[in-house]
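One-letter residues, chain by chain:
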Amino acid sequence: MRLLIIEDDQDTVAALVDFLSAQLFTLDAAHNAKSAVALVETSQYDLIVLDVMLPGLDGISLCRQLRTQNQRVPILLLTAKDDPADRVAGFEAGADDYVTKPYERSELLARIRALLRRGNTELTEVLCWGELQLDPNHCQVTYQSKPLHLTPKEYKLLELFLRHPRRIFDRQTLLDRIWSIDECPGEEAVTTQIRGLRRKLQMAGLTSNPIETLYGLGYRLRALPEERQDDEEMRKEWNGTLHSQSDHSQSDSTSSMDADYTAAVATIQQMWQGFQERLQEQLATLEQAIAHLTTNSLDPKQRQHAQTIAHRLIGSLGAYGIPHAAELARQIERVLNSSTAVLQSESAVQLETLLQQLRCITQRSPMFAVPSSEGAGTRGHGDTEIEEDTETRGYGDTGNQEVLAASPRPL
């Protein structure tokens, strides 16, 4: 599934990409309406997540423009504006759903999947090819009820073939559907990923190759062996195409996945630290605005700048999974917007209290899931797991080391 995020705040985009990538969506991001329109005209998306407050053309106007251009892709508006009139305007512009910040990640994911079900994308409970099963809702692949650990690209390829069993995909189409716009691999990356997928399916026990190569055309899902008369020919092709590999022990596999998980958490923590630096600058700006408000010297430009910072914090803190902090930012924005000259001193006291609470909450690091020592088969709900295919490095596939999870815990 390919999603487009249209949001001008880089911290919100980073957190959304991190969260939705863990659900194995392919993601592109645009920071303004112009670049968004260019992406929509050149790429096929299953859903658009659109922020209302954009520089230049706002999100509601952009939504209306896309609908007038006969773009039927589902659009979910994501914004800190919670006034009923704003929601009505969004729906009248052609939006399919409207989520206000701060939001619960589980609710956002549920709404995205609901829109995908209502759109052209069919979200089947379980996709099957014989005893090979792929569960899209939990991002799990099993063969004979045993889990397979695929890289995100391998998972997305298998899901695409299972969803379109009769369709032939050439390499360029697969690049467009599986890789994001920021990745620039060559067509050889497709060959590498399919080779890795076939190898893992064979190691899992499949005796027939489910992915058929049509030379000069591309790839498609092969008919099940019982539906064909040339089983023996398929096995010969299958065995001749792939190199045999020895199985790793379960303990080694679990140890490797836990090590990869630890690396992923370290990456997310590093991302949070980078956000912390920008956050402290934003909080300092709000503190200065409150000081000016206390002395009745806050001019309209400073007030507007402080309101913009508070508004952005609603999105970024909510995207990092800290809804309480995002709600404090929303209250700060409202007080700044509503305070009058008569009530400036009272508003300043209220803002100082809110800012102090916000500082206290954001000084603590978000909670990260802890990997289970019992392996992938016994991980609890919300625990994450990473699988990386090192063979594909060097082909431009920067998206392989992603988190495989049923529903990651909020950061």
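Pairing of strand β7 (residues 132–135) with strand β8 (residues 140–143) involves four bridges; the strand directions are antiparallel. In the sheet register, L132 faces β8, and the bridge partner there is Y143. The turn joining β7 and β8, which pair antiparallel and follow one another in sequence, is formed by four residues; a positive phi near 55° is taken by C139. Inspection of the sheet shows β8 paired to strand β9 (residues 146–148) by three bridges, in the antiparallel sense.

Strand order in the open sheet made by the five strands is β2-β1-β3-β4-β5, with parallel pairing throughout. Every interior strand has two partners, whereas the edge strands, β2 (26–30) and β5 (97–100), have only one. Averaged over all pairs of adjacent strands, the angle between strand axes in this sheet comes to 20°, irrespective of strand direction. The pairing of strand β3 (residues 47–51) with strand β4 (residues 75–79) spans four bridges and is parallel. Note that in β4 the partner of D51 across the bridge is L78.

Counting along an α-helix, one turn takes 3.6 residues, and residues three or four places apart therefore face a common direction. Those residues of helix α3 (residues 59–68) lying buried are G59, I60, L62, C63, L66 and R67. Viewed end-on, α3 has its buried residues packed into an arc of 160°, placing them on one side of the element. Residues of α3 that are buried make contact with β1 (2–6), α2 (33–42), β3, β4 and α4 (84–92).

The subject of this paragraph is the nonpolar core. Ranked by internal contacts, the top residues of the largest apolar core, which has 52 residues, are F25, I112 and L313. Of the residues forming this core, the biggest block, eight residues, is contributed by helix α10 (residues 250–294).

Another point: the pattern of salt bridges. Summed over all chains, the structure comprises 14 salt bridges. With its nearest N and O atoms 3.3 Å apart, the salt bridge here joins K101 to D51. Taken as a pair, K101 in the loop between β5 and α5 (105–118) and D51 in strand β3 lie far apart in primary sequence, 50 residues in all. This pair shows no difference in class: K101 is buried, exactly as D51 is. If you follow the salt bridges from partner to partner, you end up with E7, D51 and K101 in one network.

Moving on, we get to a negative patch on the surface. Taken together, the side chains of D170, D176, E187 and E188 make up a negatively charged region of the molecular surface. Its place among the elements puts E187 in the loop between α7 (171–178) and α8 (188–204).

So, about the sheet that holds β7. Judged by pairing direction, the sheet is antiparallel, and its four strands sit side by side in the order β6-β7-β8-β9 without closing on themselves. Two strands in the sheet have a free side with no partner beyond their single neighbour: β6 (127–129) and β9. Looking at each pair of strands side by side, their axes are set apart by 25° on average, direction ignored. Against the sheet, helix α6 (residues 152–163) contacts β6, β7 and β8, and its axis sits at roughly 105° relative to β7.

The geometry of an aromatic ring pair is captured by the separation of the ring centres together with the interplanar angle, meaning the angle of the planes. One pass over the structure, following the stated rule, counts two aromatic pairs. Relative to Y98, the ring of F91 lies with its centre 6.4 Å away and its plane at 50°, an arrangement referred to as tilted. Ring geometry for F161 against F169: centres 5.9 Å apart, planes inclined by 70°, an arrangement best described as edge-to-face. Each member of the pair, F161 as well as F169, carries the same accessibility label: buried.

In this section: the packing of helix α11 (residues 300–319) against helix α12 (residues 323–338). Orientation of α11 relative to α12, taken along the N-to-C sense of each, is 160°, at an axis distance of 8 Å. In terms of axis orientation, α11 runs roughly antiparallel to α12. The handedness of the crossing between α11 and α12 comes out as left-handed. Counted together, R303, A306, Q307, A310, H311, L313, I314, L317 and G318 of α11 and A325, A326, A329, R330, I332, E333, L336 and N337 of α12 form the full contact between these two elements. Of the residues belonging to the contact of α11 with α12, the class tally is ten nonpolar, four polar and three charged.

This part is about unusual backbone geometry. In this structure, P102 follows K101 across a cis peptide bond, with omega equal to -5°. Residue placement: P102 occurs in the loop between β5 and α5. In the Ramachandran plot, N70 falls in the positive-phi region, its phi being about 65° despite a non-glycine side chain. Even without being glycine, Q144 reaches a positive phi, approximately 55°. You can see Q144 is positioned in the loop between β8 and β9. In this structure Q144 comes out as partly exposed when scored by relative accessible area, which is 42%.

This part is about the side chain of D135. Within the fold, D135 resides in strand β7. Once you skip the residues sitting within four places of it in the chain, D135 turns out to touch E125, Q140 and Y155.

Definitions and limits used
Residues numbered from 1 in each chain as written. Predicted model: local features only at pLDDT ≥ 70, side-chain atom pairs only at ≥ 80, totals over all residues. Heavy atoms only, no water. Pairing = 2+ DSSP bridges. Helix = DSSP H or I, 4+ residues; strand = E, 2+ residues; numbered from the N terminus. Axes fitted to C-alpha atoms, helices over the stretch in contact; angles between N-to-C directions. Buried < 20%, exposed > 50% of the residue type's maximum accessible area, 1.4 Å probe, protein only. Arc of directions from axis to C-beta. Contact = heavy atoms within 4.5 Å. Core = buried A, V, L, I, M, F, W, Y, C linked by side-chain atoms within 4.5 Å. Salt bridge = Lys/Arg side-chain N within 4 Å of Asp/Glu carboxyl O. Patch = residues over 30% accessible without salt bridge, like charges linked within 9 Å, V, L, I, M, F, W, Y side chains within 5 Å. Areas by Shrake-Rupley, 256 points an atom, 1.4 Å probe, with all protein chains shown as cover. Lys, Arg positive; Asp, Glu negative; His and termini not counted. Charge placed at Lys NZ, Arg CZ, Asp CG, Glu CD. Phe/Tyr/Trp six-rings, centres within 6.5 Å; stacked < 30°, edge-to-face > 60°. Parallel < 35°, antiparallel > 145°, perpendicular 65-115°, else oblique. Left-handed = near helix turned anticlockwise from the far one by under 90°. Nonpolar A, V, L, I, M, F, W, Y, C, P; charged D, E, K, R; others polar.

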